[in-house]
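A structural walkthrough
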Amino acid sequence: MELEKNIELTAAELSQVWGAYMNASISTCVLSYFLEKVEDEAIHTVLQDAQTLTQSQLSKLTSFFKDENKPVPIGFTDEDVNLDAPRLFSDNFFLQYVKQMGMLGMGAYTASVSMATREDIYQFFSEGLREFNELHEQSLSISISKGLHSSPPTVPTQREVDFVKKQSFLTGWLGERRPLTALEIANLYSNIERNSFGAATLTGFYQVARSKEVTEFIQRGIKIAKKHVNVFSTVLSNGDVPAPMGSDSMVTDSNEIAPFSDKLMLFHVSGMITLGIGFYGISISSNMRRDLVTHYTRLSGEILLYSEDGSNILIDNGWLEEPPRMVDRDELAKSKNARNGSQ
């Protein structure tokens, strides 16, 4: 099958290119600061590889906008990062950040490939998928070699294949709860790890945020993340499954000079919320115990409300860049009538 060439970007392709640009833009700023502070040689290497990747992608994405005669997003610039600010996070945090970046990049670019029909867009996201895969493998390998990787628990191997015989397999609130399935354990474990890392990220941001509004919003996010960790950890503990442990040692005591602008930190928090909602949705679709579905649904509602409050802060400060959208026909008509009326 031959892909389309020299056609206008579809709405799906444009949305993915815009989202990839914003992510590469913020990653470039964050990684530039990490590279100024990292001490470990191996972690410095993976950070440099990550920065090279994001800068290359940013250049290609910029070309897509210019070639299509569409405005290049503002995103984030040197004004949003202070390379001279004191160290806010540990080298271990830098490494885990890149590992998460690789994992999330693979997920995002897989979706983008599936929506692409134009040859150059398809090839860009296909190549990016491979590069994020390599970045994740590299950071994972370093994490394992340094004893910093927390592997999900194993489950005893069943002696034979079995089938579900009772509807009680689906229950969870009342009566006897069946043991967690391997997939349910995997989802709980991953959501604990993401929330724990999110809490560490927010803790660092909380220490250096400038405005009271952003500081209070981030503080609220820390409480939510820790609450979710406790809920999921309790489920694992009740099922005799060990839960991963978070660590506050990834954040220093720096609290005077912020390495990032409030705009960047708030946008970063909003991105983590969006990802969390998506992962909870995946968890709901792949769990069969009712109490787990109820937990994920309730906690998703909580972070949706939190996300809306964050968006309002971004809007109030003029920080929320509008993504590509369909033209507003009513707005065009009103604009035309206003011009005619002034003549």
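Please refer to the structure higher up on the page.
Presented here is a report on the structure given in the accompanying data block. Note that this is a predicted model, so its numbers are computed, not measured.

Considering the overall build of the protein chain
The helix and strand tally for the protein chain stands at nine helices and zero strands. Listing each helix as α and each strand as β along the protein chain from the N terminus yields α-α-α-α-α-α-α-α-α. For the protein chain, with 343 residues in total, the buried portion stands at 44%. Counted over contacts in the protein chain with a minimum sequence separation of 6, partners at least 24 positions apart contribute 86%. Total accessible area on the protein chain is roughly 18800 Å²; 53% of this is exposed by carbon and sulfur atoms.

Brief notes about the environment of Ser 141
Locating Ser 141 in the fold gives a position in helix α4 (residues 119-145). A relative accessible area of 44% means that Ser 141 is categorised as partly exposed. Once the C-alpha coordinates of Ser 141 and Lys 99 are considered, the two residues, 42 residues apart in sequence, prove to be 9.7 Å apart.

Focus: the pattern of salt bridges
Tallying each qualifying case throughout the model produces 13 salt bridges. With its nearest N and O atoms 2.5 Å apart, the salt bridge here joins Arg 130 to Glu 134. A residue pair is termed a helical-turn pair when its members lie 3 or 4 positions apart in one helix, as Arg 130 and Glu 134 do in helix α4 at four residues. Residue classification places Glu 134 among the partly exposed positions, given a relative accessible area of 41%.

So, the packing of aromatic side chains
Considering all chains together, one arrives at 21 aromatic pairs under this definition. When the centroid spacing of 6.4 Å and the interplanar angle of 75° are considered together, the rings of Phe 89 and Phe 205 count as edge-to-face. Of the two residues, Phe 89 is situated in the loop between α2 (41-67) and α3 (91-115) and Phe 205 in helix α5 (residues 182-208); the sequence distance between them amounts to 116 residues. On the basis of relative accessible area, Phe 89 is assigned to the buried category, the value being 1%.

Some words on the environment of Gly 281
Here Gly 281 shows up in helix α7 (residues 262-286). Taking the C-alpha atoms as reference, Gly 281 lies 8.2 Å from Thr 297; in sequence the two are 16 residues apart.

So, helix α8 (residues 290-316)
In a regular helix each residue adds 1.5 Å, so 27 residues correspond to 39 Å; α8 covers 39 Å between its end C-alpha atoms and thus fits that length. All of the buried residues in α8 are Asp 291, Leu 292, His 295, Tyr 296, Leu 299, Ser 300, Ile 303, Tyr 306, Ser 307, Gly 310, Ile 313 and Leu 314. Along its buried surface, α8 packs onto α5, α6 (212-238) and α7. The positive-phi residue at the C-terminal boundary of α8 is Gly 318, with phi of around 70°.

Calculation criteria
Residues numbered from 1 in each chain as written. Predicted model: local features only at pLDDT ≥ 70, side-chain atom pairs only at ≥ 80, totals over all residues. Heavy atoms only, no water. Helix = DSSP H or I, 4+ residues; strand = E, 2+ residues; numbered from the N terminus. Buried < 20%, exposed > 50% of the residue type's maximum accessible area, 1.4 Å probe, protein only. Contact = heavy atoms within 4.5 Å. Areas by Shrake-Rupley, 256 points an atom, 1.4 Å probe, with all protein chains shown as cover. Salt bridge = Lys/Arg side-chain N within 4 Å of Asp/Glu carboxyl O. Phe/Tyr/Trp six-rings, centres within 6.5 Å; stacked < 30°, edge-to-face > 60°. Expected span 1.5 Å × (residues − 1).

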